[in-house]
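# Working through the structure, step by step
This is what each chain is made of:
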Amino acid sequence: MRRIYLDHASAMPVDPRVLEFAERYLKDNYFGNPSSLYSVGLEAKRAIEDARKKVAELINAEKETCIVFTSGATESNNLAIKGTALRNIGKGKKVAASAIEHMSVLNPMKELQKRGFELTIIPVDSTGVVDTEKLNAILTNDTTVTSIMYANNEIGTIEPIKEISEIVHEKGLYLHVDATAAAGRISVDVQNDGIDLLTLSSNDIYGPQGAGALYIKPGVRLQSILPGGGQERGLRSGTENVFAIAGMGEAAGIAKAEMAQECKRLKGIRDDLIAAMLTIDESYLTGHPTQRLPHHASFRFGRIEGESILLNMDMTYNIQVSTGSACTSRTLEPSHVLLAIGLKHEEAHGSMVLTLGRSNAFEEIPIITKAVKETVQRLRELSPL
Ligand code: PMP
């Protein structure tokens with residue numbers, strides 16, 4: 001049975017073009033330490049600078065030097081939040097985040113809370129959109145960093161970042177945006193959107209795991225959270241992961257060139273899948289019906305558990321779906337995102353998330369639909385509910 005992979009929000013296969021480009025940095029004449037002054041090191045350094053340029057172009061950063069490479073989105077989020085809060089402690093000891101941020105945003109904020117910072121959680125509506133009126137009312141001028149994601153990985157909702165940035169900037173504050181789920185699927189323009197700090201992940205744009213980036217607007221000051229040899233402008237010490245960073249650069253270039261066309265294709269498949277799923281009894285779309293990522297479809301089904309759907313789809317049909325965020329789904333706790341949009345615990349347990357990617361095709365729609373319908377029926381027949 002051919003595999004149908006529908007969990008691109010959790011992990012993506014590395015694009016073969018990216019792999020072919022980047023693997024030389026593990027061997028040949030390119031394996032050197034980028035800080036070394038001889039030729040093998042200089043080649044590695046050049047690879048990093050080329051990647052910096054391509055990543056900067058993907059998000060329309062003012063300059064290449066606005067990009068700091070990290071090990072991934074979690075590290076970028078930690079650096080953005082802790083780095084900004086600690087460096088700007090003189091301005092105040094408050095931080096704020098939306099209720100549906102990824103745990104790699106919420107947990108660094110909770111850590112700051114333990115160190116005496118005040119954390120404010122900004123509510124979202126039933127579709128996951130940040131309540132901008134409440135945001136405006138809540139933010140005070142001693143809030144050092146406010147974190148609102150570009151789009152949510154579990155429910156696909158795209159936030160009104162430009163409007164949010166105007167509110168944050170009117171108060172003279174810094175806005176951090178986690179664009180891990182959005183970059184490469186919708187256009188992200190840090191200058192037009194008015195973003196001070198932006199998180200990106202290599203694997204979420206078909207690059208190798210182990211690299212990420214933080215965009216830092218010129219003039220925004222951060223404290224390093226990983227002191228050492230002073231790489232990456234002293235903000236992120238440690239010998240760079242040249243292979244993954246070079247791959248991320250190549251992936252960013254491909255994303256920029258192909259995103260518009262590819263996302264149109266995926267949106268077509270996605271829309272048909274949503275229409276088919278909603279014909280199932282007691283099925284509901286989660287997240288925003290229109291303001292959502294083009295490759296993203298998320299649902300909940302009454303009277304069944306998401307984990308059972310996931311396992312049955314995998315074992316019976318070789319189709320991989322998700323119940324939410326892979327990073328927290330192992331806890332079996334209901335997703336904080338689904339609770340934040342107002343679902344009850346039992347409702348939040350019946351979730352299924354489909355995130356499409358380059359391997360998916362229109363021909364798969366009837367296969368996926370049949371598999372989900374049979375799975376839901378089978379599980380409901382077994383369900384004590
Ligand atoms: N932010 C968002 C929105 C995510 O979806 C993820 C997971 N892909 C992360 C942050 C963390 O990414 P990583 O585990 O690769 O650091």
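For the structure, check the block above.
My aim in this report is to walk through the structure given alongside it, one point at a time. Everything quoted here is computed from the prediction, not taken from an experiment.

## Description of the site of the ligand
Taken together, the residues surrounding the ligand are Ala9, Ala73, Thr74, Asn77, His102, Ser104, Met149, Asn153, Asp178, Thr180 and Asp204. At 2.6 Å, a side-chain N or O of Thr74 approaches an oxygen atom of the ligand. In this structure, Asn153 approaches the ligand through a side-chain N or O atom, which is 3.4 Å from an oxygen atom. Burial of the ligand by the protein amounts to 82% of the accessible area it has alone, namely 390 Å². In the shell around the ligand, the residues fall into three nonpolar, six polar and two charged.

## Thoughts on the side chain of Arg236
With respect to the helices, strands and loops of the structure, Arg236 is situated in the loop between strand S8 (212-216) and helix H8 (242-277). Residue classification places Arg236 among the buried residues on the basis of a relative accessible area of 15%. Reaching out from Arg236, the side chain makes a polar contact with the side chain of Glu75 at a distance of 2.6 Å.

## Looking at the sheet that holds strand S10 (residues 296-301)
Strands sit in the order S9-S10-S12 across an open sheet of three strands; the sheet is antiparallel. Either end of the sheet is taken by a strand with one partner, and the two such strands are strand S9 (283-285) and strand S12 (351-355). Neighbour to neighbour, the strand axes of the sheet diverge by 25 degrees on average, direction disregarded. Here S9 pairs with S10 via three bridges, running antiparallel. Of the residues in S10, the one forming a bridge with Tyr284 is Arg300.

## A word on the sheet that holds strand S2 (residues 67-70)
Spatially, seven strands are ordered S2-S8-S7-S6-S5-S3-S4 in an open sheet, and the strand pairing comes out mixed. Two strands lie at the open edges of the sheet, namely S2 and strand S4 (118-122), each paired on one side alone. Put simply, the sheet's adjacent strands are angled 20 degrees from each other on average, direction ignored. Across three bridges, the pairing between strand S5 (residues 143-147) and strand S6 (residues 174-178) is parallel. Bridging from a neighbouring strand, Thr146 pairs with Leu175 of S6. Helix H2 (residues 39-58) contacts S2, strand S7 (197-201) and S8 of the sheet and is inclined by roughly 115 degrees relative to S2.

## Quick word on the nonpolar core
Of all hydrophobic cores here, the largest spans 66 residues; its most connected members are Ile59, Phe69, Tyr150, Leu198 and Leu200. At ten residues, H8 tops the list of elements feeding residues into this core. Each of domain 1 (4-11 + 258-382) and domain 2 (16-254) contributes no fewer than three residues to this core. Sequence-distant contacts of Phe69, that is, excluding residues within four places in its chain, are made with Ile48, Ala51, Arg52, Val55, Gly212, Ala213, Glu232, Arg236, Ile245 and Met248. With 26 residues, the next largest nonpolar core counts Leu273, Tyr317, Val376 and Leu379 among its residues.

## Considering empty space enclosed by the protein
In total, this model carries four cavities of 30 Å³ or more according to the counting rule given. Approximately 130 Å³ is the volume found for the largest cavity. Forming the walls of the largest cavity are 15 residues, and the residues nearest its centre are Gly184, Arg185, Tyr206, Glu262 and Arg358. Across the lining of the largest cavity, the residue classes tally to eight nonpolar, two polar and five charged. Mapped onto the domain boundaries, the lining of the largest cavity takes at least three residues apiece from domain 1 (4-11 + 258-382) and domain 2 (16-254).

Parameters at a glance
Residues numbered from 1 in each chain as written. Predicted model: local features only at pLDDT ≥ 70, side-chain atom pairs only at ≥ 80, totals over all residues. Heavy atoms only, no water. Near = heavy atom within 4 Å. Polar contact = N/O pair within 3.5 Å; in protein donor to acceptor, adjacent residues only side chain to side chain. Areas by Shrake-Rupley, 256 points an atom, 1.4 Å probe, with all protein chains shown as cover. Nonpolar A, V, L, I, M, F, W, Y, C, P; charged D, E, K, R; others polar. Helix = DSSP H or I, 4+ residues; strand = E, 2+ residues; numbered from the N terminus. Buried < 20%, exposed > 50% of the residue type's maximum accessible area, 1.4 Å probe, protein only. Pairing = 2+ DSSP bridges. Axes fitted to C-alpha atoms, helices over the stretch in contact; angles between N-to-C directions. Contact = heavy atoms within 4.5 Å. Core = buried A, V, L, I, M, F, W, Y, C linked by side-chain atoms within 4.5 Å. Domains from an automatic or database assignment. 1 Å grid on protein atoms, 1.4 Å probe; cavity = no way out; pocket = protein on both sides within 12 Å on 5 of 7 lines; lining within 4 Å. Points joined across faces, edges and corners; volume = space filled by probe spheres on them.

No statement about biological role is implied by the geometric values presented.
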